[in-house]
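# Structure at a glance
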Amino acid sequence: MAHDPQHPTEPDPILAGFRKSIDNIDAAIIHMLAERFRITQAVGEYKAKATLPPADPEREARQIARLRKLSEEADLDPEFSEKFLRFIIDEVIRHHERAAAG
C-alpha cells in the first residue's frame, strides 16, 4: 500500500504538538471570556441599579483604539481584533440592556 500524505497511518508528533498547544490556548480563551462576562455582568447590574446607560460609546472607542494598538504590537491583524472586540462589546451591551429592562 502506497504512503498517502493526506491520510497518514501514524500520527504526526509535530502536528499533534501544535494541536495540543492550540487546544490549550482555546481553553484559556474560553475561560478568559467567561471571566470577562462575569465581570461585565456585574457592571450591567450596577449600571441598571445606578440608572446608567447600557452603552458607553466613548469608552468603547478608547478600548478599540487601545486594542488595535496592542494588536499591531503583537503582529495581529488590527481589523480582526476590532471585529472580535466589537462582537464582544455588542454582546455585553445586549446583556446590559436586559439588566436595565429588569
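Let us look at the structure shown here. Note that this is a predicted model, so its numbers are computed, not measured.

Despite not being glycine, T51 shows a phi value in the positive range, around 50°. Position of T51 relative to the elements: it lies in the loop between helix 1 (13–49) and helix 2 (57–73). With relative accessibility at 70%, the residue T51 sits in the exposed group. One non-glycine residue, D75, lies in positive phi territory at about 60°. Assignment of secondary structure puts D75 in the loop between helix 2 and helix 3 (78–101).

With 24 residues, helix 3 ought to run about 34 Å at 1.5 Å a step, and its terminal C-alpha atoms sit 34 Å apart, in line with that. Here helix 3 has its buried residues at P78, S81, L85, I88, I89, V92, I93 and H96. On its buried face, helix 3 sits against helix 1 and helix 2.

What counts and how
Residues numbered from 1 in each chain as written. Predicted model: local features only at pLDDT ≥ 70, side-chain atom pairs only at ≥ 80, totals over all residues. Heavy atoms only, no water. Helix = DSSP H or I, 4+ residues; strand = E, 2+ residues; numbered from the N terminus. Buried < 20%, exposed > 50% of the residue type's maximum accessible area, 1.4 Å probe, protein only. Expected span 1.5 Å × (residues − 1). Contact = heavy atoms within 4.5 Å.

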